[in-house]
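Residues per chain are reported as follows:
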Amino acid sequence: MSKKFISKNEAKKLIADLSDEFVVINNPLYIYPDYEIYPLAKKVLKPVKHLSAAVMDMDGTTTTTELLCIHSLEFMIRTFSNRISKSSWRGLDEKSDYPNIIGNSTTKHVEYLIKKYQKYFRKTDVIEAFLFAAFWTLFFGKDAQRKQEVSANLKQFNIINLTGDSYLIKFKQNLFLDEEDKAQIRKYLYDKFNKNFSSFTFNDYIRLGIDVYYQRYHEILERIKIGEGRFVADELFGDPNKHLIEAMPGMSVFLPLIKGLITEQKDLFFNFLFENYQNKEKENFTLRQIEKTRNKFFDLCDYFSNSPMKTAIVTSSIFYEADIVLREVFKVIYSELNHLLSDSDFKTRILSYFKDYNSYYDSVISASDSSEIRLKPHRDLYSIALYKLNIPKEKFSEVIGFEDSESGTIAIRAAGIGLCIAVPFAQTSGHNFKAATYICKKGIPEVLLKHNLFFK
Ligand SMILES: [Mg+2]
């Protein structure tokens, strides 16, 4: 198109040539116009002949961290309405709430929840929860951007120099605060500052809610980082043996496979993958089918060892979170592979890719790459990934994208990727996956065992 300024009719024609399918995405209040209209890439429905890159979401697709995010959002509502125990409030609703609090930006998630649950908030509890979150972020938080935002929010209520408070400084020596410390600090902060707050607008609630959410999530991540995962798991889920950050089923096979690393011990990988498939699905396989599937899996191993895929993580989490989560999940994958494989040079080589997520991924794109605006369902994060992986536009059809949420699948298609796989898990199974090319409810094992990664 050489003409720069065009009429509505000319714009219509331009759009008509682009795609048959469009998606409407609502913009935040400060953006003109109220919505964006994105053309969606044509779905790739024919069996693929070649794949050169895989772009994948993190929370809920690669890792199980979605549960921790949900917990932290629920915690925010609980503290704002002083209904901490399960008996005082059973918590967020899987059916009506989960589709609105998974896969979008944190701001959107918090916005939705505040709108719905605002009527239960009590001013005193909001003040207390926010002040504690602000204190923790400034004294114990590790993310500079978060500290800045919290300071700005405090300033709005004329609270400055919290970090210089002689009473609070005493707690800085503690590695972690126990419940008694926390109660003391909350009371101190409330008594000192509650007069600074008059009434809250909807936007205030959102900003303060975001601070409380991040504080909770980051405190959990920090505790996992120093090896307190067992205590956190016990506190949160009543089960010290529950791994808080794990790889989604099949990941320990899928990741080495697409990088072309499975050149030996293929049988072990196949059996491990098959075990990861849900029992009901396994029963449907006859012995002959298992044999056939195994051979196809071996073919894929050979195929990718000759032409490994480029790989990227694309997440709406900020980098600070992605870094901790990926470190943890790679520890888990490393130990799974270490356990699975027999000692050999092959094993040493494959493990070297999983010592650190940076040795494995060609690129990691987080919300921090897009200044935390225009996150999924906008296409930007995926477009950045395609750029960083150096995939030219005419090769977008050789890219496969994986997401567990509605927003994520829209973002993939809007970025021009026509092979978009939805891999929902329990908490995202209620999402609308109209944008997905394929929906694989049994996750990565289904993608490989049932669809042969969409190769013939
Ligand atoms: Mg996700």
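Just so you know, these numbers come straight off a predicted model, no measurement behind them. (Residues numbered from 1 in each chain as written. Predicted model: local features only at pLDDT ≥ 70, side-chain atom pairs only at ≥ 80, totals over all residues. Heavy atoms only, no water.)

**Thoughts on the coordination of the magnesium ion**
- For the magnesium ion, the protein coordination sphere consists of Asp-57 (OD), Asp-59 (O) and Asp-404 (OD), at 2.2 Å.
- Counting gaps between the donor residues of the magnesium ion yields the pattern D-x1-D-x344-D. In this pair, Asp-59 sits in the loop between strand E3 (53–56) and helix H2 (66–80) while Asp-404 sits in the loop between strand E6 (399–403) and helix H19 (406–414), placing the two residues 345 residues apart along the sequence. (Donors = N, O, S within 2.8 Å, 3.2 Å for Na, K, Ca; no water. Helix = DSSP H or I, 4+ residues; strand = E, 2+ residues; numbered from the N terminus.)

**Details of the packing of aromatic side chains**
- Applying the stated rule across the entire model yields 33 aromatic pairs.
- Ring geometry for Tyr-360 against Tyr-361: centres 4.9 Å apart, planes inclined by 90 degrees, an arrangement best described as edge-to-face. Exposure class is identical for Tyr-360 and Tyr-361. Each is buried.
- Judged by centre distance (4.4 Å) and plane angle (25 degrees), the rings of Tyr-438 and Phe-454 are stacked. (Phe/Tyr/Trp six-rings, centres within 6.5 Å; stacked < 30°, edge-to-face > 60°. Buried < 20%, exposed > 50% of the residue type's maximum accessible area, 1.4 Å probe, protein only.)

**Section: the pattern of salt bridges**
- Enumeration over the complete set of coordinates arrives at 31 salt bridges.
- Across the pair Glu-74 and Lys-86 runs a salt bridge, and its minimum N-O distance is 3.9 Å. Highlighted residues: Glu-74 in helix H2 and Lys-86 in the loop between H2 and helix H3 (98–101), separated in sequence by 12 residues.
- Classification of Glu-74 by relative accessible area gives buried; the value is 12%.
- A salt bridge links Asp-97 to Lys-116, with the shortest nitrogen-to-oxygen separation between them at 2.8 Å. Remark: Lys-116 occurs in helix H4 (residues 106–117) and Asp-97 occurs in the loop between H2 and H3; sequence separation between them is 19 residues.
- Residue classification places Lys-116 among the partly exposed positions, given a relative accessible area of 27%. (Salt bridge = Lys/Arg side-chain N within 4 Å of Asp/Glu carboxyl O.)

**Considering the nonpolar core**
- If you look at the biggest cluster of nonpolar residues, it comprises 145 residues, and the most contacted ones within it are Phe-135 and Leu-453.
- Considering every element that reaches this core, the biggest residue donor is helix H5 (residues 123–140), with 13 residues.
- Per-domain counts for this core show at least three residues from each of domain 1 (53–64 + 245–454) and domain 2 (66–237).
- In this structure Phe-135 touches Phe-140, Leu-162, Leu-168, Phe-171, Leu-177, Ile-185 and Leu-189, once residues within four positions along its chain are discounted.
- Among the nonpolar cores identified, the runner-up in size contains 7 residues, and Ile-25, Tyr-38, Leu-40 and Ile-410 belong to it. (Core = buried A, V, L, I, M, F, W, Y, C linked by side-chain atoms within 4.5 Å. Domains from an automatic or database assignment. Contact = heavy atoms within 4.5 Å.)

**Quick notes on the domain arrangement of the protein**
- Annotation of the protein at the domain level lists domain 1 (53–64 + 245–454) and domain 2 (66–237).
- Here the C-alpha centroids of domain 1 and domain 2 sit 32 Å apart.
- Contact with domain 1, which involves 24 residues of that partner, is made by 24 residues of domain 2.
- When domain 1 packs against domain 2, the two sides together hide about 1,900 Å² of surface, and 57% of this comes from carbon and sulfur.
- Considering only the side of domain 1, the residues that lose the most area to domain 2 are Tyr-320, Glu-321 and Gln-427, jointly responsible for 31% of the buried surface there.
- Where domain 1 touches domain 2, the interface holds 0 salt bridges.
- Counting across the interface, domain 1 meets domain 2 through 5 residue pairs in polar contact (both at pLDDT 80 or more).
- Contributions of two or more residues to the side of domain 1 that touches domain 2 are made by helix H15 (319–340) and H19.
- Ranked by the residues each element gives to the side of domain 1 that touches domain 2, the list is headed by H15, at 5 residues. (Buried area = accessible area lost by both parts, 1.4 Å probe. Polar contact = N/O pair within 3.5 Å; in protein donor to acceptor, adjacent residues only side chain to side chain.)

**Notes on a nonpolar patch on the surface**
- On the surface, a cluster of nonpolar side chains totalling about 560 Å² of accessible area is made up of Ile-15, Leu-18, Phe-22, Val-24, Tyr-35 and Ile-37.
- Those elements that provide at least two residues to the nonpolar patch are helix H1 (8–18), strand E1 (22–26) and strand E2 (35–39).
- The topology assignment puts Leu-18 in helix H1.
- By relative accessible area, which is 56% here, Leu-18 ends up exposed. (Patch = residues over 30% accessible without salt bridge, like charges linked within 9 Å, V, L, I, M, F, W, Y side chains within 5 Å. Areas by Shrake-Rupley, 256 points an atom, 1.4 Å probe, with all protein chains shown as cover.)

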